[in-house]
2 protein chains.
Amino acid sequence: MNPTIQTLMNHVSVRDFEATPLTAKETSQLVAAAQMASTSSYQQAYSIIGVTTPALKAKIAKLAGDQPFVAGGESLFIFCADQYRNHQLAEQSGVDVADALAGSDAMIVATVDAALAAQNMVIAAESKGLGACYVGGIRDGISAISELLELPKGVYPVFGLVIGHPKTRNAPKPRLPQAAVYHENHYQADKLSLVNDYDRATAAYYDQRSGHPVNRSWSKTALNSYVAHPRQHMRDYLHHQGFMTR
Amino acid sequence: MNPTIQTLMNHVSVRDFEATPLTAKETSQLVAAAQMASTSSYQQAYSIIGVTTPALKAKIAKLAGDQPFVAGGESLFIFCADQYRNHQLAEQSGVDVADALAGSDAMIVATVDAALAAQNMVIAAESKGLGACYVGGIRDGISAISELLELPKGVYPVFGLVIGHPKTRNAPKPRLPQAAVYHENHYQADKLSLVNDYDRATAAYYDQRSGHPVNRSWSKTALNSYVAHPRQHMRDYLHHQGFMTR
C-alpha cells in the first residue's frame, strides 16, 4: 500500500482541533490541490470561500446546525457550486445557454465540480497530518448563510469544510461491506441482508466508541439525518438562486 | 511536496489506454479506497457498478456520447447516487422519511457522496500509475443506460469513470488563477477580468496542445458543453427515478 492509499484508508472526520488556523501558504497549497481535481468539460464550475473573520464564522456556525467545532480556531471553507461565472461568460460572448444553465444537469455539473475539488483538498490536508470535516449543516441555514456570503444568483453553498490541526481523532468508521456497494454489470436490488448484517456490526462500533446506547446503529444514524434535517426548503432556495428552474 | 500532493498536482484526464482491464484485486483495492471517503451523516448513499461485459460496455459507450475510449479494454465504473438503500431501510424500520428522500437535499447528499467516493478512487488509481477519466456523457443517454443497468427508483448514474493503464498522457491543463476561484469571507462578483486574462492564456494552450485553431479558448470549451449537451431531459428523468419530486 503506497502512502497515498494509506492516507485514503486512514480517513476519519475530525471535529476536535487545536485553535490554530492554517497559514496563508498552507491554504494556498490546499486550494491549488483542490483546483487540480477533474472538472466537467473543463468548466471549473465551483468557488471556494475561506471564512477568516471570527464574527462571520460564528454566525455561519450558528446557522449551520450550531456545531461548536465549526466556529473554532481552525479554518473554514465554503464550497460553492458556481454557475455565475458561466452566466457572465455567456452574456459577454453572446452564447445563449440560459436554459441549459437553469437546468438540472447544470446543477449536477456544478455540485460535482465542487465535491471533487473539496475531496482533493481533504486528501491534501490529510497527507500533511491535518484533519478535516465536511459540514452539510450549511444547508440547514442556507438562505441566511448565502446572504452573509453575498452569493449572487447562480451560486449555492454545497457544504462547508473545516480543516485544522487535530487534537483528538476517532477510529475510522467501518464502511458497508464492499459487496453491498459494488455491483457488477447490473444493479443488484437484493442486497438488504448484507446491509442488515453490517447494521448489527455498527451497533457494536457505536457502543464501543462513545458509550451511546447500543441501539444507535448505522441505519438509524443514516435515516435520522432525514428526520432531523429534512431540509425541505432546499427546492425553493435552489430555484431562488436560479438552479433547476427549467 | 509529499507524494500524495504530487499525485494530486500531476492529475490529467487520460483517454488513451492499453487494452488491459484492472485485475479483480486492483478493482477491490480501488473500491475500498472509494468507500473510505467522507459521506453525509454516514449514509454512504451511492453505489458503484463495474461494467465488465464487453457487449454491455459497448452499448453504454454508444449511449454516453459515443466516445470510443469508453468502450475500450480498460475498466469502466458507473457511480450512482443511491437513495434506494435508504428507502429500503425506512420501509423495513417504519421510519417515515419518504418526503425527505424525495426532496432536493437528498439528491444533493447522494450526488456528493458518489462524487467524493469517485475522487478517492481516481486518486488511489493515479497513485498507482493508472490513469482515469470521468464520463459525464453517461447523462446524455441516461434513461436507456439506467435500463441497461437495471437501476431501481432512488438510483441515478451521476457519471462514469474509466480507469486503466495509460498509453499516452496530455500535459496537465492550466487551471483558473487561484484568485478567480478563491474568495475571502464574501463572494467577490467582480472577477471577470481575471477570468478573461486566463481565457487568453488557455487559447495558447489549446493551440499548442493539439493544433486546434487558436479560437478554442477555455470559455468556449466550457460554454460549448451546454450548447452540445444541454441535457434538458434530466429533470424529467430525475423525477421518474423519484428524485426531487417534493
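None of the values given here were measured: they were computed from a predicted structure.

Draft legend 1. Geometry of the relation of the copies chain A and chain B. For the match of chain A to chain B, the screw axis carries a shift of 0.0 Å, the RMSD comes to 0.0 Å, and the turn is 180°. On the angle and the small slide along the axis, the relation comes out as a two-fold axis. Relative to the rotation axis, the C-alpha of A:Thr4 is the closest in chain A, positioned 2.5 Å from it. Of the residues that chain A buries at the interface, 100% are likewise interface residues in chain B, meaning the two copies contact each other through the same surface.

Draft legend 2. Spatial organisation of the pattern of salt bridges. This structure, assessed with the given rule, holds 14 salt bridges over all chains. A salt bridge links A:Asp105 to B:Arg139, with the nearest nitrogen and oxygen atoms 2.5 Å apart. Placement of the pair is A:Asp105 in helix 6 (residues 104-127) and B:Arg139 in the loop between strand 3 (131-135) and helix 7 (142-148), with the two residues belonging to separate chains. Residue B:Arg139 is classed as buried on the basis of its relative accessible area, which comes to 3%. One salt bridge connects B:Asp66 with B:Lys62, and the closest N-O pair in it is separated by 3.8 Å. B:Lys62 gets classed as exposed once you look at its relative accessible area, which sits at 58%. Linked through salt bridges whose partners overlap, the residues forming this network are A:Asp105, B:Arg139, B:Asp140 and B:Arg231.

Draft legend 3. Representation of the packing of aromatic side chains in the model. Within this structure, the stated rule accounts for 12 aromatic pairs over all chains. With centroids separated by 6.4 Å and ring planes inclined at 55°, the aromatic side chains of A:Phe77 and B:Tyr182 adopt a geometry described as tilted. Of this pair, A:Phe77 sits in strand 2 (residues 75-82) while B:Tyr182 sits in strand 5 (residues 182-184), which puts the two residues in different chains. Each of the two residues, A:Phe77 as well as B:Tyr182, counts as buried. Members of the aromatic cluster, each reached through a chain of ring pairs, are A:Phe79, A:Tyr134 and A:Phe159.

Draft legend 4. Geometry of the interface of chain A and chain B. Across the contact, 117 residues belong to chain A and 117 residues belong to chain B. Taken together, the two surfaces of chain A and chain B that pack against each other cover about 10,200 Å², and 60% of this comes from carbon and sulfur. The largest per-residue losses of area from chain A upon contact with chain B belong to A:Tyr42, A:Tyr187 and A:Tyr226, which jointly make up 10% of the total buried on that side. Where chain A packs against chain B, one counts 4 salt bridges.

Draft legend 5. Spatial organisation of the UniProt feature "domain: Nitroreductase" (unreviewed entry) in chain A. Cross-referencing UniProt, the feature "domain: Nitroreductase" (unreviewed entry) maps to residues 10-165 of chain A in the present numbering. When the span residues 10-165 of chain A is considered, its composition is 43% helix and 19% strand, and the gap between its end C-alpha atoms is 16 Å.

Draft legend 6. Structural detail: helix 4 (residues 84-93) of chain A. What helix 4 of chain A keeps buried is the set A:Tyr84, A:Arg85, A:Asn86, A:Gln88, A:Leu89 and A:Ala90. Positive backbone phi, approximately 75°, marks A:Gly94, located one or two places after helix 4 of chain A.

Draft legend 7. Focus on the sheet that holds strand 2 (residues 75-82) of chain B. Pairing is mixed across the open sheet formed by 5 strands, whose spatial order is 5(A)-1(B)-2(B)-4(B)-3(B). Each edge of the open sheet carries a strand with a single partner, namely strand 5 (182-184) of chain A together with strand 3 of chain B. Sheet twist, expressed as the mean angle between neighbouring strand axes with direction ignored, is 25°. Here strand 2 of chain B pairs with strand 4 (residues 155-164) of chain B via 8 bridges, running antiparallel. Each bridged residue has a counterpart across the sheet, and for B:Asp82 the counterpart in strand 4 of chain B is B:Val155. Strands strand 1 (46-51) and strand 2 of chain B of the sheet are contacted by helix 3 (residues 54-63) of chain B, whose axis makes an angle of about 65° with strand 2 of chain B.

Draft legend 8. Structural view of the sheet that holds strand 5 of chain B. Spatially, 5 strands are ordered 3(A)-4(A)-2(A)-1(A)-5(B) in an open sheet, and the strand pairing comes out mixed. Edge positions in the open sheet fall to strand 3 (131-135) of chain A together with strand 5 of chain B, since each of these has one partner strand only. Averaged over all neighbouring strand pairs, the angle between strand axes comes to 25°, with direction disregarded. Here strand 1 (residues 46-51) of chain A runs beside strand 5 of chain B; their pairing, made up of 3 bridges, is parallel. Among the inter-strand pairings, A:Gly50 is bridged to a residue of strand 5 of chain B, identified as B:Glu184. Packing against the sheet, helix 2 (residues 24-35) of chain A makes contact with strand 1, strand 2 and strand 4 (155-164) of chain A together with strand 5 of chain B, and its axis sits at approximately 165° to strand 1 of chain A.

Draft legend 9. Unusual backbone geometry, seen in detail. One non-glycine residue, A:Arg231, lies in positive phi territory at about 45°. Structurally, the position occupied by A:Arg231 is in the loop between helix 10 (218-228) and helix 11 (234-240). Judged by its relative accessible area of 11%, A:Arg231 is buried. Residue B:Gln44 is not a glycine yet carries a positive backbone phi of 55°.

Draft legend 10. Summary view of the environment of A:Phe159. Position of A:Phe159 relative to the elements: it lies in strand 4. Those residues in contact with A:Phe159 that lie beyond four places of it in its chain are A:Phe77, A:Ile78, A:Phe79, A:Ala114, A:Ala115, A:Ala118, A:Tyr134, A:Val135, A:Gly136, A:Ile138 and B:Val112.

Draft legend 11. Examining the pairing of strand 3 of chain B more closely. Residue and element names in this part refer to chain B. Burial analysis of strand 3 places 5 of its 5 residues in the buried class, the great majority of the element. Burial along strand 3 is two-sided: Gly 131, Cys 133 and Val 135 and Ala 132 and Tyr 134, pointing in opposite directions, are all buried. With 5 bridges joining them, strand 3 and strand 4 adopt antiparallel strand pairing. Its bridge partner being in strand 4, Cys 133 is matched across the sheet by Val 162.

How each quantity is defined
- Residues numbered from 1 in each chain as written.
- Chains lettered and ligands numbered in written order.
- Predicted model: local features only at pLDDT ≥ 70, side-chain atom pairs only at ≥ 80, totals over all residues.
- Heavy atoms only, no water.
- Least-squares fit on C-alpha atoms with pLDDT ≥ 70 in both.
- Contact = heavy atoms within 4.5 Å.
- Salt bridge = Lys/Arg side-chain N within 4 Å of Asp/Glu carboxyl O.
- Helix = DSSP H or I, 4+ residues; strand = E, 2+ residues; numbered from the N terminus.
- Buried < 20%, exposed > 50% of the residue type's maximum accessible area, 1.4 Å probe, protein only.
- Phe/Tyr/Trp six-rings, centres within 6.5 Å; stacked < 30°, edge-to-face > 60°.
- Buried area = accessible area lost by both parts, 1.4 Å probe.
- UniProt positions renumbered as here; feature names shortened; annotations may be inferred.
- Pairing = 2+ DSSP bridges.
- Axes fitted to C-alpha atoms, helices over the stretch in contact; angles between N-to-C directions.

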